[in-house]
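Understanding the architecture of this molecule
Below, each chain spelled out in residue letters.
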Amino acid sequence: MNEHDERDTTMTGVDPSRLDDSQLMKELETIHRTRHDTLLYGSNDALRAHNERMAQLEGEYLRRNPRRLTAAGRTREGARERGCAQTATPDRSGT
């Protein structure tokens, strides 16, 4: 890395800790909405910046909400139960 390369020190957007809760949620909604296009069509630099920004925003959300609600089906145990229920229930559609 040469002395003029500032990729590791440049941050895009406002520091997430300075956003209020509604601003943080809006930023999270936007970054999740644009994720797929960035992955498919963005340059390597764009994808790297997107990854970094998403990690910053999600990290701040998790820091503020350590006891957030979780859906039972979104846990490992819930996923295992879904898998068992799907294999135990035969397809009755006739197809």
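Residues numbered from 1 in each chain as written. Predicted model: local features only at pLDDT ≥ 70, side-chain atom pairs only at ≥ 80, totals over all residues. Heavy atoms only, no water.

All right, on to the side chain of T38 then. One can find T38 in helix 1 (residues 21-41). When neighbours within four sequence positions are excluded, T38 is seen to be in contact with A46, L47 and H50. (Helix = DSSP H or I, 4+ residues; strand = E, 2+ residues; numbered from the N terminus. Contact = heavy atoms within 4.5 Å.)

If you check helix 1, its first and last C-alpha atoms are 30 Å apart, about what 21 residues at 1.5 Å a residue would give, namely 30 Å. At R35, helix 1 shows its strongest bend, of approximately 40°. If you check which residues of helix 1 are buried, you get L24, L28, I31 and T38. Those residues of helix 1 that are buried are in contact with helix 2 (44-64). (Expected span 1.5 Å × (residues − 1). Bend = angle between axes of the 7 residues up to and from the residue. Buried < 20%, exposed > 50% of the residue type's maximum accessible area, 1.4 Å probe, protein only.)

Before going further, it helps to examine the nonpolar core. Of all hydrophobic cores here, the largest spans six residues; its members are L19, L24, L28, I31, M54 and L57. Within the residue set of this core, elements represented by two or more residues are helix 1 and helix 2. Take this core: its biggest share by element is three residues, from helix 1. The contacts of L24, once residues within four sequence positions are left out, are L19, L57, E60, Y61 and R64. (Core = buried A, V, L, I, M, F, W, Y, C linked by side-chain atoms within 4.5 Å.)

In this section: helix 2. In this model helix 2 runs 30 Å from its N-terminal to its C-terminal C-alpha over 21 residues, within 8% of the 30 Å that 1.5 Å per residue would give. Close packing links the buried residues of helix 2 with helix 1.

Let us now look at the packing of helix 1 against helix 2. Packed helices, taken two at a time, are described by the angle their axes make and the gap between the axes. It is the contact of helix 1 with helix 2, at a shortest axis distance of 10 Å, that shows an interaxial angle of 145°. Note on packing geometry: the crossing formed by helix 1 with helix 2 is left-handed. When helix 1 is examined against helix 2, the residues D21, L24, M25, E27, L28, I31, H32, T34, R35, T38 and L39 are found in contact with a partner set consisting of A46, L47, H50, N51, R53, M54, L57, E58, E60, Y61 and R64. The residue inventory of the contact of helix 1 with helix 2, partitioned by class, reads 10 nonpolar, five polar and seven charged. (Axes fitted to C-alpha atoms, helices over the stretch in contact; angles between N-to-C directions. Left-handed = near helix turned anticlockwise from the far one by under 90°. Nonpolar A, V, L, I, M, F, W, Y, C, P; charged D, E, K, R; others polar.)

What follows covers the pattern of salt bridges. All told, the structure shown has five salt bridges when counted by the stated rule. Note that R64 is salt-bridged to D21, the shortest N-O span being 2.7 Å. Of this pair, R64 sits in helix 2 while D21 sits in helix 1; the two residues are 43 residues apart in sequence, bridging distant segments of the chain. Each member of the salt-bridge network shares a partner with another, and the members are D21, E60, R63 and R64. (Salt bridge = Lys/Arg side-chain N within 4 Å of Asp/Glu carboxyl O.)

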